[in-house]
Amino acid sequence: MRFRDYKIFRAGNFYHVYNRGNARKDIFHDDSDYIQFLKRLKIVLGMVPPQLISTTDKKRRILTLTSLPRRAFTIAAYCLMSNHFHFLIKQNSEVGVDRLISKLCTSYAAYYNRKYEHVGHVFQDTFKAKVIDLDEYIIYLSAYIHNNPPNIFAYPYSSFLDYIANRGGTICDQTPILSYFNDKKSYKDFVLGYNQKMEARISDLLFDE
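Every value quoted in this text rests on a predicted model; they were computed, and no experiment measured them. (Residues numbered from 1 in each chain as written. Predicted model: local features only at pLDDT ≥ 70, side-chain atom pairs only at ≥ 80, totals over all residues. Heavy atoms only, no water.)

A look at the overall build of the protein
From N to C terminus, the protein includes seven helices and six strands. Helices and strands in the protein line up, N terminus first, as β-α-β-β-β-β-α-β-α-α-α-α-α. Radius of gyration (C-alpha) of the protein: 17 Å, near the 17 Å computed for a compact globule of 209 residues. Taken along its principal axes, the extent of the C-alpha atoms in the protein is 50 × 40 × 35 Å. Looking at the protein as a whole, 49% of its 209 residues qualify as buried. Long-range contacts, defined as pairs at least 24 residues apart, comprise 71% of the intrachain contacts of the protein with a sequence gap of at least 6. Within the protein, one finds 29 positive and 21 negative side-chain charges whose respective centroids are separated by 6 Å. (Helix = DSSP H or I, 4+ residues; strand = E, 2+ residues; numbered from the N terminus. Rg over C-alpha atoms; globule rule 2.2 N^0.38 Å. Buried < 20%, exposed > 50% of the residue type's maximum accessible area, 1.4 Å probe, protein only. Contact = heavy atoms within 4.5 Å. Lys, Arg positive; Asp, Glu negative; His and termini not counted. Charge placed at Lys NZ, Arg CZ, Asp CG, Glu CD.)

Right under this line is the structure:
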């Protein structure tokens, strides 16, 4: 399901948001790419102000990226893979999820095109989003997202380590997910026990990768 009009998004809903590289090509090639994407996410979320950044031509410039209202969204889980990304997002106001993702991807695409002297689309079409229509499904979807990397305990570009290792990440609000569990260990066991039967419960919320 693709959303182009922000009016389709509703305050109070959780969404599974997904996008991948054009023609399934990689959108992240090294650590700095992942870091730049997450930096831009924090700016759009209003967590940090626009900063001076280094560019490939050795100059310093200010990110031409403005923030959305600070509490407009809650990111409950995320995972960045080499050629795609997943977010579990709650929209808290009338500011639509599409505005968040559009600003983020446009800014990252500009960075990517400068760095790699790339011409053309970085991402494949518009992003995809599915509304989560049953509250408890957020825990299954978070487990699915966190299980994307082959070694979830060693993968730095997922929110899983924030949930289990007190990494100190500031992007995610863990409260919506952890409210279903007694403690972080219980959640870790749940993620490790994720299986095909559990995935079948949320099959309508997943995308073809």
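What follows picks up the thread again.
Observations regarding the packing of helix α1 (residues 31-44) against helix α2 (residues 97-116)
Across the interface, α1 lies against α2 with an axial gap of 9 Å and an inter-helix angle of 145°. Like other packed secondary-structure pairs, α1 and α2 cross with a definite hand, here right-handed. Along the contact surface, α1 presents Ser 32, Asp 33, Gln 36, Phe 37, Arg 40, Leu 41 and Val 44, while α2 presents Leu 100, Lys 103, Leu 104, Ser 107, Tyr 108, Tyr 111, Arg 114, Lys 115 and Tyr 116. For the contact of α1 with α2, a count of residues per class yields eight nonpolar, three polar and five charged. (Axes fitted to C-alpha atoms, helices over the stretch in contact; angles between N-to-C directions. Left-handed = near helix turned anticlockwise from the far one by under 90°. Nonpolar A, V, L, I, M, F, W, Y, C, P; charged D, E, K, R; others polar.)

Section: the packing of helix α3 (residues 137-146) against helix α6 (residues 184-192)
At a closest axis distance of 9 Å, the pairing of α3 and α6 adopts a crossing angle of 70°. Regarding the angle of α3 to α6, the classification is roughly perpendicular. With respect to the hand of their crossing, α3 and α6 are arranged in right-handed fashion. Facing Ile 139, Tyr 140, Ser 142, Ala 143 and His 146 of α3, the residues of α6 in contact are Tyr 187, Phe 190 and Val 191. Here the contact of α3 with α6 is built from residues that sort into six nonpolar, two polar and no charged. (Parallel < 35°, antiparallel > 145°, perpendicular 65-115°, else oblique.)

A few points about α6
Inspection of α6 places Tyr 187, Phe 190 and Val 191 among the buried residues, and these make up the whole buried set. Projected down its long axis, α6 shows its buried positions confined to an angular sector of 95°, all on one face. Those residues of α6 that are buried are in contact with α3, α4 (160-165), α5 (175-178) and α7 (196-201). For α6, the capping residue at the N-terminal end is Asp 183, with a side-chain oxygen 3.3 Å from the backbone nitrogen of Lys 185. (Arc of directions from axis to C-beta. Polar contact = N/O pair within 3.5 Å; in protein donor to acceptor, adjacent residues only side chain to side chain.)

Some thoughts on the packing of aromatic side chains
Summed over all chains, the structure comprises 23 aromatic pairs. The interplanar angle of 20° and the centroid separation of 4.6 Å between the aromatic rings of Phe 28 and Tyr 34 together place this pair among those described as stacked. An identical accessibility class is assigned to Phe 28 and Tyr 34; each is buried. Three or more aromatic residues link up through ring pairs in this structure, and these residues are Phe 28, Tyr 34, Phe 37, Phe 85, Phe 87, Tyr 108, Tyr 111, Tyr 112, Tyr 116, Phe 123, Tyr 155 and Tyr 157. (Phe/Tyr/Trp six-rings, centres within 6.5 Å; stacked < 30°, edge-to-face > 60°.)

Concerning the side chain of Gln 174
Counting through the fold element by element, Gln 174 comes out in the loop between α4 and α5. Given the relative accessible area of 17%, Gln 174 is considered buried. When near neighbours in sequence (up to four residues on either side) are disregarded, Gln 174 contacts Asp 162, Tyr 163 and Lys 184.

As for unusual backbone geometry
A positive phi angle is found at Ala 23, which is not glycine, with a value near 60°. As for its position among the elements, Ala 23 is in the loop between β1 (14-20) and α1. With relative accessibility at 53%, the residue Ala 23 sits in the exposed group. The residue Arg 24 is not glycine, and still its phi comes out positive at about 65°.

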